[in-house]
Protein chains: 2
Amino acid sequence: MKIDSVDVYYLSMPQVLDIGDGSQDALLVRVAAGEHVGWGECEASPLVSIASLICPMSHSACKPVIASVLGQEINEASDIRRIGDLVRANSLDLLQADHTLSGIDIALWDLLGRRLNEPVWKLLGYKKCFAKMPYASVLFGSDADETLSKAKTIIAQGFRAAKFGWGPFGLSSVEDDCAQLVAAREGLGDEGVLLVDAGTVWNADVEAARKRLKILKEVRATWLEEPFVSGALSEYHALSLESGPVGLAGGEGCHNFHMAKHMVDHAGLKYVQIDAGRIGGISIAKDVADYAAAKGAIYVNHTFTSNLALSASLQPFAGLESHTICEFPTELKSLASAMTKNHIAPDENGLLHVPDAPGLGIEPDLEGIAPYLVEVEIQVRGKRVYITPPLR
Amino acid sequence: MKIDSVDVYYLSMPQVLDIGDGSQDALLVRVAAGEHVGWGECEASPLVSIASLICPMSHSACKPVIASVLGQEINEASDIRRIGDLVRANSLDLLQADHTLSGIDIALWDLLGRRLNEPVWKLLGYKKCFAKMPYASVLFGSDADETLSKAKTIIAQGFRAAKFGWGPFGLSSVEDDCAQLVAAREGLGDEGVLLVDAGTVWNADVEAARKRLKILKEVRATWLEEPFVSGALSEYHALSLESGPVGLAGGEGCHNFHMAKHMVDHAGLKYVQIDAGRIGGISIAKDVADYAAAKGAIYVNHTFTSNLALSASLQPFAGLESHTICEFPTELKSLASAMTKNHIAPDENGLLHVPDAPGLGIEPDLEGIAPYLVEVEIQVRGKRVYITPPLR
């Protein structure tokens, strides 16, 4: 069975705000082979990923992503690996390619699961899948009062854990950050799991991060996420030596297996956070989950968009019983909810279940999507190389 | 003085061949501030870098690159650093951004050098610049005979060193690779410096690389370049323990300082090869040169395009006297020669000199470029967001 088409759809809120909310746009991917279809999603900058899909070749190791996908056989799991390897070799010098491949890889797993009538996690080799404890992922309030109120709401919604990130945190004074953290802890109560996301705000400045360690310990934060950019291995490692019970978390910026491996090997991470929509899809995310499990690190999904992306991000560690924490964005823009007919929600115990259905178990809602579709046209030398395809 | 405009021009040969020749297209960057202009070049996939320059914002850490450049003050070297930091923060989740920033950073150094009437290497803090020994960088022949002939030609042209790469090497049998290497050594004579580029052909397969070590030692290769993809640190390191006098070289795929640092720290590299058009421009390339020098590794430029890119790639290590080897592509397509009015060529002793002129010391040839200009138009929601600007 050959891959007949790869269609990508740029979706966006009518207005994108200058805030750390990744659910404001999306690049939806549809792959078809014979009568079978699978859906995926690429993280961030849809227009750039579209360009990388269809750009003219620069040289033999800088081909458009689609050149390594269209016409390929897709019959079993090993085909997805082969196609990914082809893209990585043929688009070696095309930096954006890993993000673009991610959505295609996810769609291929969905397609294969639907065709074989198995959930993706089974195709990945897991015998059983385990419920996860979702944390509500929200932005810090603009001040401590707003953060307190957000935390209380999250607990009232039945969550046991919450992650506060971005917003003013790390940019304002240490005192302001303390007030934010104390408010978050107060709102969650003694039992709530408190996670903190610095959003790379200190870049590679260990001293700036160090100043917040005392209060992070006092409010019993389970983790401090992304004090630094992905790749600042020695800075992460230096901080990890002093962070004590506050585990360091990071890795969302990794766009290949090697980068994630380095974060596990050299950065002193306790939690490695992988976005299946960036790292090269479910295939590479599963490689990282295996590696983390073998090395005693804990795998966590990074997800900030639709439930399609959420299901994709849960599959790679669905069968790892002791890797329980999972990211569950709860402040999604309407686009991200409208994208799918069915949704993943915590059960009465506050636990999240990977869909027990073929493929990713998520149905795109083509009617729901339609109002958010962004028409794009790209012409090169007067010839149209991309136009938004019809939704089908 | 504020940055008034950032114009990018997609240039290409009429036909791009499926070979490992990066000189077949280019993205030329023009930055203007007041009456001052600077020129730069981004490596690979021009259309994708154009998209990343002007794409709609996805969220606060995924902005188009131009958003962090236009309107910024550019008066001294520290401004270039500040602008680069802004791009890295504001386009954190835009994978292609590092390549796009590279061309802009190069253009900013050129602009500042022209304005201050100083060559870029002086602005980088070097007191003196040193001649480099260029190696002719060519593709392996399709068979050993062709490689022999290429090697003889290179020596006849006055070069003391040659690098053979890509083509069939590493993909065919060990015997065929041996024949290629023996031919290269024969053609160069006993004194010629022989460098070998595997072009990541073995991905992360140490065993495949190991099979070629014996013959590489026999033909006295100075280095084996990119046996593996950038980031395969442990694989590089494993091979380095057995490669003896054959130094490992790599790093061209690095798109930020951290990745290059890891290659120096963890991969057992003797030579770290940096493409200023990928790693974030001259600024980050200089950081890597400083780091390599401090750690006892040798910095080498990676360059496969025009003489504008070549000058940019020489500046970061112009003042490092003992880092003598430099890449000098000699099989450029006509586009790459036509791009500039003046050219960098070895002197009568076969040595290369960084231009002793303001900025990068290279003048774009707008008339020469014109036939290669690729017209691009991108529309989003029916609104034109990019059209090839007039050459000026």
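### Some details on the interface of chain A and chain B
At step 1: Each side of the interface is counted separately: chain A has 61 residues, and chain B has 61 residues.
At step 2: Carbon and sulfur atoms make up 60% of the surface buried where chain A meets chain B, a total of about 4700 Å² over both sides.
At step 3: In this assembly, chain A and chain B are joined by four salt bridges.
At step 4: Salt-bridge contacts for Lys63(B) lead to Asp18(A); the nearest nitrogen and oxygen are separated by 3.0 Å.
At step 5: Across the chain A-chain B interface, the total number found is 26 residue pairs in polar contact (both at pLDDT 80 or more).
At step 6: Those elements that place two or more of their residues in the side of chain A that touches chain B are β1 (5-12), α1 (46-54), α3 (97-116), α9 (233-240), α10 (257-266) and β12 (376-380) of chain A.
At step 7: Take the side of chain A that touches chain B: its biggest share by element is six residues, from α1(A).
At step 8: Grouping the constituent residues of the side of chain A that touches chain B by class yields 29 nonpolar, 20 polar and 12 charged.
At step 9: Sheet topology note: the β12(A)/strand β12 (residues 376-380) of chain B ladder contains five bridges and is antiparallel. Directly across from Gln379(A), in β12(B), lies its bridge partner Glu377(B).

### Quick word on the pattern of salt bridges
Pairing is possible between side chains of opposite charge, provided their charged atoms come close.
At step 1: Applying the stated criterion to the full structure yields 49 salt bridges over all chains.
At step 2: Residue Lys333(A) is joined to Asp21(A) by a salt bridge in which the shortest nitrogen-to-oxygen separation is 3.0 Å. Taken together, the positions of Lys333(A) in the loop between β11 (325-329) and α13 (334-338) and Asp21(A) in the loop between β1 and β2 (25-33) put the pair 312 residues apart, joining distant regions of the chain.
At step 3: Across the pair Glu252(A) and Arg278(A) runs a salt bridge, and its minimum N-O distance is 3.6 Å. Here Glu252(A), found in the loop between β8 (247-250) and α10, pairs with Arg278(A), found in the loop between β9 (271-274) and α11 (282-295); they are 26 residues apart in sequence, far enough to count as distant. Across this residue pair, the class does not change: Glu252(A) and Arg278(A) are buried.
At step 4: When salt bridges with common partners are traced through the structure, they connect Glu43(A), Glu252(A), Arg278(A) and Asp93(B) into a single cluster.

### With respect to the sheet that holds strand β10 (residues 298-301) of chain A
Strand pairing in a sheet relies on backbone hydrogen bonds. The paired strands run either parallel or antiparallel.
All names here are of chain A.
At step 1: Strand order in this open sheet of eight strands is β10-β9-β8-β7-β6-β5-β4-β11, and the pairing throughout is parallel. The outermost strands of the open sheet, each flanked by one partner alone, are β10 and β11. The average angle at which neighbouring strand axes cross in this sheet is 25 degrees, direction not considered.
At step 2: Bridge analysis of strand β4 (residues 133-139) against strand β5 (residues 161-165) gives five bridges, and the strand direction is parallel. Its bridge partner lying in β5, Leu 139 is registered against Gly 165.
At step 3: Its contacts with the sheet place helix α5 (residues 144-156) against β4 and β5, and it is angled at close to 155 degrees to β5.

### Quick word on the side chain of Ser240(A)
Residue and element names in this part refer to chain A.
At step 1: Take Ser 240: it is sitting in helix α9.
At step 2: Assessed through its relative accessible area of 18%, Ser 240 is described here as buried.
At step 3: The residues contacting Ser 240, other than those within four sequence positions of it, are Leu 248, Ala 267 and Gly 268.

### Thoughts on α3(A)
Residues and elements named next belong to chain A.
At step 1: Its 20 residues give α3 an end-to-end C-alpha distance of 28 Å, which sits within 8% of 28 Å, the value for a rise of 1.5 Å per residue.
At step 2: Taken across its 20 residues, α3 has 17 buried, putting it largely inside the fold.
At step 3: Asn 117 lies just past α3 and shows a positive phi near 60 degrees.

### Details of the relation of the copies chain A and chain B
What connects the two chain copies is a rotation about an axis and a shift along it.
At step 1: Rotating chain A by 180 degrees and moving it 0.0 Å along the rotation axis overlays it on chain B with an RMSD of 0.0 Å. This pairing of chains is accounted for by a two-fold axis.
At step 2: Comparing interface residues between copies, 100% of those in chain A also sit at the interface in chain B, which points to an isologous, same-surface contact.

What counts and how
Residues numbered from 1 in each chain as written. Chains lettered and ligands numbered in written order. Predicted model: local features only at pLDDT ≥ 70, side-chain atom pairs only at ≥ 80, totals over all residues. Heavy atoms only, no water. Contact = heavy atoms within 4.5 Å. Buried area = accessible area lost by both parts, 1.4 Å probe. Salt bridge = Lys/Arg side-chain N within 4 Å of Asp/Glu carboxyl O. Polar contact = N/O pair within 3.5 Å; in protein donor to acceptor, adjacent residues only side chain to side chain. Helix = DSSP H or I, 4+ residues; strand = E, 2+ residues; numbered from the N terminus. Nonpolar A, V, L, I, M, F, W, Y, C, P; charged D, E, K, R; others polar. Pairing = 2+ DSSP bridges. Buried < 20%, exposed > 50% of the residue type's maximum accessible area, 1.4 Å probe, protein only. Axes fitted to C-alpha atoms, helices over the stretch in contact; angles between N-to-C directions. Expected span 1.5 Å × (residues − 1). Least-squares fit on C-alpha atoms with pLDDT ≥ 70 in both.

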